Amino acid sequence: MENKIQMPKMSPSMEAGVLVAWNKELEEPVREGEVLFEVETDKVVCEIEAPCDGVLAEMCYSEGDRVKVGETVAVIQER
Amino acid sequence: MKYLKMPESDVYYNLALEEYLFDHYKDEDLLLLWKNHDSIVVGKYQNVYQEVNIKQVEESGIPVARRNTGGGTVFHDKGNLNYSFITDHDPKTFSDYEPFVEPVIRALGSLGVSAEKRNKSDIAIQGKKISGNAQTIKGGRILHHGTLLFDADLESLGDALRPGSGVFSSKAVESIRSQVTNIKDYLREATIDQLETCLLKAYFGDEKPQPLALSDAELEEVSLLREAKYITWEWNYGRSPEFSFQKTGWAGGSKVAVELHVKKGLIAACGICCDEDLEQKIDSQCAQRLLVGIPYSYTAVYEFFSQTMRRDLAAALTDCFF
């Protein structure tokens, strides 16, 4: 089953965030709670955790990309 | 709530200690006060090569450290007081720096200094910046930290943070330069220790500040984190986002155009264009290939060229790379 992870809306006024770092590589196994990627907005860094176990099947953006809230950033293929 | 006046002045150790406390002390609010010996601290997602004068930094041996929060590059010395506040994250106040800088502004007020919050995350006195702040959020906890320029050497600040000429192209977070000033210039008489005392009063109020004491085993873990992460070239330089660099300079009487692509701090691709005479002297076609994989470091590039040519020519060529 596919699990899509979107750019989270971290505050009521947030419209987009910068995907500053990937912590996992394509096809790498992922455990629930592990940091998947990091977002920076207004000098605040947020570590976004994987919501489930699986494999990182898709990385939709690269480091440095500005991503709108709600857009899919990663897809985890659940095992 | 507890507080800790960090005893060491080693920027790598202090960053490791801050991370350790953020990850392991999840049940209480912590206020940390710390000062570092002369060092440069870059934001987590910055391109260090774009922010500092690499040649000067390598020659002077000034430590360059990457922190865990966003934002830009700052220069630390013993006249700069760092403060960190660790507490539960309230999503309602996301990216609202007000709750965290308000006690600092109050502390300065108690010393007779009128400061105000400026832009989103700075504190200023009469329009000049005295404090930059940044945050990181993980697992329901927030780490907020900031600098306080009390009596810092603002001249050195300028020199070290001025990269050489050349054009960078990257998606890295860039620093925003501000006019800065020292808090001491607005006080008749006060020491950095008095500022610390005022900060403790502002955060603790009438509550007696409780000091935090770490066990030997915990301190050992902090040292290990310092060795494994904060002091490593891989973290401080290698974590820079990939980038391109272009520069035109002079060496051996010829114009030299250099184009580089750097990934994880290593030269990934290199182009050198110069006139025929110099091309033969330095075998630029061969150099372009052999430079791939070498760290993008002034010392490393200079050593590379020094193996096959006179030192003065090697130095002039290396200058074209930075």
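Residues numbered from 1 in each chain as written. Chains lettered and ligands numbered in written order. Predicted model: local features only at pLDDT ≥ 70, side-chain atom pairs only at ≥ 80, totals over all residues. Heavy atoms only, no water.

Caption draft 1: Quick peek at the overall build of chain B. A tally of helices and strands in chain B yields 12 helices and 15 strands. Expressed as lengths along the three principal axes of its C-alpha atoms, the size of chain B is roughly 75 × 45 × 35 Å. Burial statistics for chain B: of 322 residues in total, 55% are counted as buried. Long-range pairs, those at least 24 residues apart, make up 72% of the contacts in chain B between residues at least 6 apart in sequence. Roughly 14500 Å² of accessible area belongs to chain B as shown, and the carbon and sulfur atoms make up 49% of that amount. (Helix = DSSP H or I, 4+ residues; strand = E, 2+ residues; numbered from the N terminus. Buried < 20%, exposed > 50% of the residue type's maximum accessible area, 1.4 Å probe, protein only. Contact = heavy atoms within 4.5 Å. Areas by Shrake-Rupley, 256 points an atom, 1.4 Å probe, with all protein chains shown as cover.)

Caption draft 2: Molecular detail of the pattern of salt bridges. Throughout the structure, instances matching the rule amount to 21 salt bridges over all chains. Among the ionic contacts, a cluster of salt bridges with common partners joins E38 and E47 of chain A together with D23, K44 and K138 of chain B. (Salt bridge = Lys/Arg side-chain N within 4 Å of Asp/Glu carboxyl O.)

Caption draft 3: Spotlight on the interface of chain B and chain A. The interface of chain B with chain A comprises 23 residues on the first partner and 18 residues on the second. Together chain B and chain A conceal approximately 1700 Å² of surface at their shared face, both sides included; 51% is due to carbon and sulfur atoms. Sorting the residues of chain B by area buried against chain A places Y45, F94 and K171 of chain B first, and these three jointly supply 38% of that buried surface. Connecting chain B to chain A are four salt bridges. Residue K44 of chain B pairs with E47 of chain A through a salt bridge whose shortest N-O separation is 3.6 Å. Between chain B and chain A we count eight residue pairs in polar contact (both at pLDDT 80 or more) in total. A per-element tally of the side of chain B that touches chain A places strand 9 (residues 128–138) of chain B first, with six residues. Bridge analysis of strand 5 (residues 44–49) of chain A against strand 9 of chain B gives three bridges, and the strand direction is parallel. Its bridge partner lying in strand 9 of chain B, V44 of chain A is registered against Q135 of chain B. (Buried area = accessible area lost by both parts, 1.4 Å probe. Polar contact = N/O pair within 3.5 Å; in protein donor to acceptor, adjacent residues only side chain to side chain. Pairing = 2+ DSSP bridges.)

Caption draft 4: Representation of the confidence of the model for chain B in the model. Mean pLDDT over chain B works out to 92, with 99% of the residues at or above the 70 mark. Predicted complex metrics record ipTM = 0.79 and pTM = 0.90. (pLDDT = per-residue confidence, 0-100.)

Caption draft 5: Expanded view of the side chain of S39 of chain B. Residues and elements named next belong to chain B. Position of S39 relative to the elements: it lies in strand 3 (residues 39–42). At a separation of 3.0 Å, a polar atom in the side chain of S39 contacts the main-chain carbonyl oxygen of H37. When near neighbours in sequence (up to four residues on either side) are disregarded, S39 contacts V11, I62, P63, V74, F75 and H76.

Caption draft 6: Looking closely at the sheet that holds strand 8 (residues 72–77) of chain A. All names here are of chain A. Pairing in this open sheet of four strands is antiparallel, and the strands run 1-8-6-3 from one edge to the other. The sheet terminates laterally at strand 1 (2–6) and strand 3 (29–30), the two strands that pair on one side only. Bridge analysis of strand 1 against strand 8 gives five bridges, and the strand direction is antiparallel. Bridged to E2 within strand 8 is Q77.

Caption draft 7: The arrangement of the side chain of S240 of chain B in detail. All names here are of chain B. Here S240 shows up in the loop between helix 8 (233–236) and strand 13 (243–251). Only 3.0 Å separates the side chain of S240 from the backbone oxygen of Y237, close enough to count as a polar contact. Sequence-distant contacts of S240, that is, excluding residues within four places in its chain, are made with Q46, N47, V48, Y49, R66 and K264.

Caption draft 8: Representation of the packing of helix 1 (residues 11–24) of chain B against helix 7 (residues 216–230) of chain B in the model. All names here are of chain B. Interaxial distance between helix 1 and helix 7 falls to 8 Å at its minimum, and their mutual angle equals 115°. Seen from above, helix 1 lies across helix 7 with right-handed handedness. Across the interface between the two elements, Y12, Y13, L15, A16, L17, E19 and Y20 of helix 1 pack against E218, L219, E221, V222, S223, L225, R226, K229 and Y230 of helix 7. Each residue belonging to the contact of helix 1 with helix 7 can be placed in one class, and the counts come to 10 nonpolar, one polar and five charged. (Axes fitted to C-alpha atoms, helices over the stretch in contact; angles between N-to-C directions. Left-handed = near helix turned anticlockwise from the far one by under 90°. Nonpolar A, V, L, I, M, F, W, Y, C, P; charged D, E, K, R; others polar.)

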